[in-house]
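Per-entry structural report
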Amino acid sequence: MQDARRDVLAGMVATFALIPEVIAFSFVAGVDPEVGLFASFLIGTIIAFTGGRPAMISGAAGSVALVAAFLVRGHGLQYLLAATILAGGIQIVFGLLRLDVLMRFVSRSVRTGFVNALAILIFSAQVPQMLGVEWHTYAMIAAGLVIIYLLPRLTTAIPSPLVCILVLTPFSMLVPMPIHTVADLGRLPQGLPSLMLPHVPFTFETLHTVAPYAMAMAVVGLLESMMTATVVDDLTDTTSSKARECTGLGLANLAAGLFGGIAGCGMIGQTVSNVRYGGARRLSTFVAGFFLFVLVVLLRPFVAQVPVAALVAIMIMVSISTFSWTSVRDLARHPKVSSIVMLATVAVTVATSNLAAGVTVGVLLSGVFFAFKVMRLMDVRSEYDAATNTRIYRVAGQIFFASADIFADQFDLRDTASVVRIDLTAAHLWDVTAVGALEGVVTKMRRHGIQVDLIGLNTSSATLMDRHAPLIQPS
């Protein structure tokens, strides 16, 4: 009973931390607040049952909103709903095929670049709201930032972003000012969401339009959710099913799209808050989602009067806290290739405003740099035994597609020795490119009348040779 009470209270605290960020990210995505709030209610309640990480809070916020913004501006809300449904389907397939293991190829440098780029994009999305406005807006933003950053020094019982809204909203109502409010952004929920299919033509042209955005939303959402789940694993010293989390998020996003909501993902700030306040089970996740809807419906008139300046202040705080400031210092300490990967991820993401593109470039660069590093570790040394007229090549290291050509170039194909012995005891053949390179060396030497013996192949390398180069028989 005590555990259930802690979960309920922690979930309620997470809800209060959820509301301002969901509204703010709905604003970033260019959709009505009800779209983000409906989605967060559905995602939070559904993933409480289907997700793989207990106590994790998910909602319609984060990097997914940034991807959605470009689709909304270009094609409208209905295309966003179609992309949300498709993104959910992609995530379900991702989980069922257990492709969550691909996230292991996302290096720390790429993850750092991802969060830094996310922070920059979040901040840049606030700039238009600070241009062409009266001084009152700047004063409200400044007051919001003061509350957000100074209140935690006094108490952390109530999330400071929520206090920011609770203070600035009544003030703006009592002291009329020329500032925008949430009501100016669009509709707020008035009841339960209803099932609806997107009003878009079901054609290949529509699929061609929404598919790139859906893929980006799916990948970015999964990446952020996996990172959030890993954080909770570390905080609680437990493990979780990442594949189930992928499937659960896909089901939740599928439902969100069918009921008129935007896609979402794991929310690291609210999740950490939930865990620190005692949330440890799925009940806390469910309470966070369900209580969100109850609050928004009951407090709709108040939420409508929330100043946009307060949301801008919250998003500035989110961008500052998201950015990894230690990564700037680490540029001089970390290996250059790691810094290049991080900076490239940030540069591509900011230039394209596509988080998925930045992550893809970062992963590819990490793979290329790793291949070059491993390639340089391969070594071929030769020695000649005049008594037996035998040349011995001792190979050490990893032979694969990136090092195969360098490996082949180390051999004198017109050697004057009558016998050539290639010792592979300290080497490993990884792929058909490596087998092809070895096969080419042996074949060309034998063509010139040289007896070639292969020795020291380990079991897996020998199996690969038998399968793809059966005519080359090791000794």
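The coordinates are above.
Now for a description of the structure that goes with this document. These numbers come from a predicted model, not from an experiment.

Summing up its helical and strand segments, the protein chain has 20 helices and six strands in all. A principal-axis box enclosing the C-alpha atoms of the protein chain has dimensions of 100 × 50 × 45 Å. Long-range pairs, those at least 24 residues apart, make up 83% of the contacts in the protein chain with a sequence separation of at least 6. Taking the average place of the 30 positive charges on the side chains of the protein chain and the average place of its 27 negative ones, the gap between the two points comes to 4 Å.

Here we come to the packing of helix 2 (residues 33-50) against helix 10 (residues 242-258). Any two packed helices are characterised by how steeply their axes cross, that is the angle between the axes, and by the distance between the axes. It is at 8 Å that the axes of helix 2 and helix 10 come closest, and there the two elements cross at 145°. Crossing handedness for the pair helix 2 and helix 10: right-handed. Contacts between helix 2 and helix 10 pair Ala 39, Leu 42, Ile 43, Ile 46, Ile 47, Phe 49 and Thr 50 from the former with Arg 244, Glu 245, Gly 248, Leu 249, Leu 251, Ala 252, Asn 253, Ala 255 and Ala 256 from the latter. Of the residues in the contact of helix 2 with helix 10, the class split is 11 nonpolar, three polar and two charged.

On the secondary structure map, Ser 109 appears in helix 5 (residues 108-126). Of the polar contacts made by the side chain of Ser 109, one reaches the backbone oxygen of Ser 338; its length is 3.4 Å. Leave out the neighbours within four places in its chain, and Ser 109 touches Ser 338, Val 341 and Met 342.

It is worth spelling out the packing of helix 7 (residues 160-174) against helix 14 (residues 308-322) at this point. Contact geometry of helix 7 with helix 14 gives a least axis separation of 10 Å together with a crossing angle of 165°. Of the possible angle classes, the one that applies to helix 7 and helix 14 is roughly antiparallel. Taken as a pair, helix 7 and helix 14 cross one another with a handedness that is right-handed. Contacts between helix 7 and helix 14 involve Pro 161, Cys 164, Ile 165 and Leu 168 from the former and Ala 310, Leu 311, Ile 314 and Met 317 from the latter.

Time to look at helix 16 (residues 336-352). Its 17 residues place the ends of helix 16 24 Å apart at the C-alpha level, agreeing with the 24 Å of an ideal helix rising 1.5 Å per residue. Taken together, the buried residues of helix 16 touch helix 5, helix 15 (326-330) and helix 17 (355-376). Directly after helix 16, the chain includes Ser 353, whose backbone phi takes a positive value near 55°.

Okay, a nonpolar patch on the surface next. Residues Tyr 149, Ile 320, Trp 325, Val 328, Leu 331 and Leu 343 make up a contiguous nonpolar surface patch of about 570 Å² in total accessible area. With respect to the helices and strands, the residue Trp 325 is situated in the loop between helix 14 and helix 15.

This part covers the environment of Ile 120. One can find Ile 120 in helix 5. Overall, the relative accessible area of 33% leaves Ile 120 in the partly exposed class. Distance in space between the C-alpha atoms of Ile 120 and Phe 323 is 7.7 Å, their sequence separation being 203 residues. The contact partners of Ile 120, leaving out residues within four places of it in the chain, are Phe 323, Val 346 and Val 350.

Here is what the cut-offs are and how they apply
- Each residue is numbered by its place in its chain's sequence as written, counting from 1.
- With pLDDT at 70 or above as the cut-off, local features in this predicted model cover only qualifying residues; side-chain atom pairs require 80 or more to be listed or tallied, and sums for whole chains, interfaces and linings still use all residues.
- Neither water nor hydrogens contribute to the side-chain values; these are computed over all heavy atoms in the structure.
- The numbering of helices and of strands both runs from the N terminus, where a helix is a DSSP run of H or I of at least 4 residues and a strand a run of E of at least 2.
- Throughout, a residue-residue contact means that at least one pair of heavy atoms, one from each residue, lies within 4.5 Å.
- The convention is simple: Lys and Arg are positive, Asp and Glu are negative, and His and the chain ends are not counted.
- A single reference atom marks each charge: NZ on Lys, CZ on Arg, CG on Asp, CD on Glu.
- Between the N-to-C directions of two axes lies an angle of 0 to 180 degrees, each axis being a line fitted to C-alpha atoms and, for a helix, fitted only over the stretch in contact.
- Note: crossing handedness is left-handed where the near helix turns anticlockwise from the far helix by less than a right angle, and right-handed where it turns clockwise.
- For this scheme, ten residues count as nonpolar: Ala, Val, Leu, Ile, Met, Phe, Trp, Tyr, Cys and Pro. Four count as charged, namely Asp, Glu, Lys and Arg, and the remainder, Gly too, count as polar.
- Think of a polar contact as two N or O atoms within 3.5 Å of one another; within protein, one of them needs to be a possible hydrogen donor and the other a possible acceptor, and neighboring residues in sequence only count if both atoms come from side chains.
- Note on angle classes: values under 35 degrees are labelled roughly parallel, values over 145 roughly antiparallel, values of 65 to 115 roughly perpendicular, and the remainder oblique.
- The span expected for a helix works out to 1.5 Å for each residue beyond the first.
- A patch consists of residues exposed above 30% relative accessible area that lack any salt bridge, with like charges linked at up to 9 Å and nonpolar side chains (Val, Leu, Ile, Met, Phe, Trp, Tyr) linked at up to 5 Å.
- Computed with the Shrake-Rupley method and a 1.4 Å probe, the accessible areas treat only the protein chains shown as cover for residues.
- We count a salt bridge whenever a side-chain nitrogen from Lys or Arg sits within 4 Å of a carboxyl oxygen from Asp or Glu.
- Throughout, exposure labels follow a simple rule: accessible area from a 1.4 Å probe, protein chains only, divided by the maximum for the residue type, with under 20% read as buried, over 50% as exposed, and the rest as partly exposed.

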